[in-house]
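Residue strings, one per chain:
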Amino acid sequence: MNSILRDRDSFTTEELKPFLILPGEEISPVTIRTRLNALKRSGIITPVGRGLYTLKKLHNYTPEIDKSLREVYLVLRKQLPLTRICVWKPSWLNEFALHIASIQIIVVEAQREAERAVFEVLQEALKKNSSLTENLLLLNPSTEDIDLYVSGQSPAIFVGRLITEAPIMESDGIVIPRLEKMLVDLFSREPALEPFGDAEMDRVFRNAFDTYAPNADTILRYAARRGKRQEMVEYIRYNSFY
């Protein structure tokens with residue numbers, strides 16, 4: 001199996017079946033699933049979508065959560081304990097880019113109708129907390145707002161809406177986006193990710209898929225929430241990411 005499929009980015013259950021059956025053997029779908037699950041548990045294959053697998057040895061996506069990001073999250077968690085919040089840094093995508101973007105931005109996303117409350121809590125925190133006072137605070141900034149008010153070296157905090165069912169996770173006690181969310185946000189031209197647009201976007205996607213193999217089903221579900229499902233399907237097929 002390894003010699004035939006090892007250079008493939010992914011393969012389907014049907015393509016894998018011949019390697020799960022002994023010559024002349026007739027087995028049921030249940031036995032096929034049992035053998036597939038055994039390969040997954042042993043780490044020989046990794047699922048990357050519904051009925052899609054890879055032999056690549058993949059790493060877990062765990063971006064660095066620095067002091068400033070943690071501080072912002074904990075301030076909000078203390079003041080708004082029941083609000084669904086996600087925090088992240090656009091600079092995390094530098095890992096996948098050729099041209100490193102010099103941006104010092106924290107993005108805070110909150111559930112629908114909570115953005116204003118989050119913005120006001122941060123306004124007060126910036127007045128009292130010396131380590132955060134240098135940050136420019138913007139609510140739902142457009143690309144034009146960012147071009148006008150944020151320079152490459154200026155620290156800033158953007159507050160926006162967390163789309164329902166966005167793929168997020170908890171890392172070291174902080175809720176951050178999964179890689180799939182960041183890629184769809186990039187594809188959807190999220191203003192905070194503007195430095196990674198156009199030609200750089202293709203490179204970011206390719207390197208992200210080669211290193212971590214983001215889950216296709218998760219990407220397409222979130223893309224659908226952003227009204228981009230069909231465009232994302234076409235983009236993935238055109239670039240042969242799977």
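Here the structure is a predicted model, which means the values were calculated and not measured.

The rules behind the values
Residues numbered from 1 in each chain as written. Predicted model: local features only at pLDDT ≥ 70, side-chain atom pairs only at ≥ 80, totals over all residues. Heavy atoms only, no water. Core = buried A, V, L, I, M, F, W, Y, C linked by side-chain atoms within 4.5 Å. Buried < 20%, exposed > 50% of the residue type's maximum accessible area, 1.4 Å probe, protein only. Contact = heavy atoms within 4.5 Å. Helix = DSSP H or I, 4+ residues; strand = E, 2+ residues; numbered from the N terminus. Expected span 1.5 Å × (residues − 1). Arc of directions from axis to C-beta. Pairing = 2+ DSSP bridges. Axes fitted to C-alpha atoms, helices over the stretch in contact; angles between N-to-C directions. Salt bridge = Lys/Arg side-chain N within 4 Å of Asp/Glu carboxyl O. Parallel < 35°, antiparallel > 145°, perpendicular 65-115°, else oblique. Left-handed = near helix turned anticlockwise from the far one by under 90°. Phe/Tyr/Trp six-rings, centres within 6.5 Å; stacked < 30°, edge-to-face > 60°.

**Student:** Break down the nonpolar core for me, with residues and values.
**Tutor:** Membership of the largest hydrophobic core comes to 66 residues, with the highest contact counts inside it found for Leu76, Val108, Val118, Leu122, Phe196, Phe205 and Met232. Residues in contact with Phe196, not counting those within four places in the same chain, are Pro90, Leu93, Asn94, Ala97, Ala101, Ile103, Leu186, Met201 and Val204. Residues Leu16, Leu20, Ile32 and Ile45 belong to the second largest nonpolar core, which totals 9 residues.

**Student:** Please provide a residue-by-residue account of helix α4 (residues 67-79), values included.
**Tutor:** Over its 13 residues, α4 extends 18 Å from the first C-alpha to the last, a length consistent with the 18 Å expected when each residue adds 1.5 Å. Where α4 is concerned, the buried positions are Leu69, Val72, Tyr73 and Leu76. The buried residues of α4 occupy an angular sector of 95° when the element is viewed end-on, so they sit on one face. Counted as exposed and oriented over 90 degrees from the buried face of α4: Lys67 and Lys78. Packed against the buried residues of α4 are β4 (85-88), β5 (105-110), α5 (115-128), β7 (156-161) and β9 (174-177).

**Student:** Now, about unusual backbone geometry: what can you tell me, with residues and values included?
**Tutor:** Look at Asp172: it is not a glycine, yet its phi comes out positive at around 55°. Along the chain, Asp172 turns up in the loop between β8 (168-171) and β9. Look at Asp172 and you get exposed, because its relative accessible area is 61%. One non-glycine residue, Arg189, lies in positive phi territory at about 65°. Considering the arrangement of structural elements, one finds Arg189 in the loop between α7 (179-187) and α8 (199-212).

**Student:** Can you break down the sheet that holds β7 residue by residue, with the values?
**Tutor:** The 4 strands are arranged β4-β5-β7-β6 in an open sheet whose pairing can be described as mixed. Every other strand in the sheet has two partners, leaving β4 and β6 (136-139) as the edge strands with one partner each. Between one strand axis and the next, the sheet turns through 20° on average, direction left out of account. Sheet analysis places β5 next to β7, joined by 6 bridges and oriented parallel. Across the sheet, Ile105 pairs through a bridge with Ala156, a residue of β7.

**Student:** I'd like a rundown of the pattern of salt bridges, residues and numbers included.
**Tutor:** In this structure the tally under the stated criterion is 11 salt bridges. The closest approach of N and O atoms between Lys89 and Asp66, which form a salt bridge, is 2.4 Å. Here Asp66 lies in the loop between β3 (52-54) and α4 and Lys89 lies in the loop between β4 and β5, a separation of 23 residues in the sequence. Here Lys89 falls in the buried class, since its relative accessible area comes to 13%. Overall, Asp66 belongs to the partly exposed group, its relative accessible area being 24%. Taking the shortest distance from any N to any O, the salt bridge between Arg226 and Asp185 comes out at 2.6 Å.

**Student:** Give me the packing of α7 against α8: which residues, what numbers.
**Tutor:** One way to put it is that α7 packs onto α8 with a least axis distance of 11 Å and a crossing angle of 165°. Here α8 runs roughly antiparallel to α7, going by the angle between their axes. Once α7 is placed against α8, the crossing between them reads as left-handed. Judged by residue contacts, Leu179, Leu183, Leu186 and Phe187 of α7 engage Met201, Val204, Phe205, Ala208, Phe209 and Tyr212 from α8.

**Student:** Run through the packing of aromatic side chains, naming residues and quoting values.
**Tutor:** Applying the stated criterion across every chain yields a total of 6 aromatic pairs. Pairing Phe96 with Tyr212 gives two aromatic rings, centres 5.9 Å apart and planes at 85°, and the pair type is edge-to-face. In this pair, Phe96 sits in the loop between β4 and β5 while Tyr212 sits in helix α8, placing the two residues 116 residues apart along the sequence. The exposure class assigned to Phe96 is buried, which follows from its relative accessible area of 1%. The exposure class assigned to Tyr212 is buried, which follows from its relative accessible area of 14%. Three or more aromatic residues link up through ring pairs in this structure, and these residues are Phe187, Phe205, Phe209 and Tyr235.

**Student:** Describe the environment of Gln79, listing the residues and the values that go with them.
**Tutor:** Looking at the secondary structure, you find Gln79 in helix α4. Expressed as a C-alpha distance, the spacing of Gln79 and Pro23, which sit 56 residues apart in the sequence, is 64 Å.

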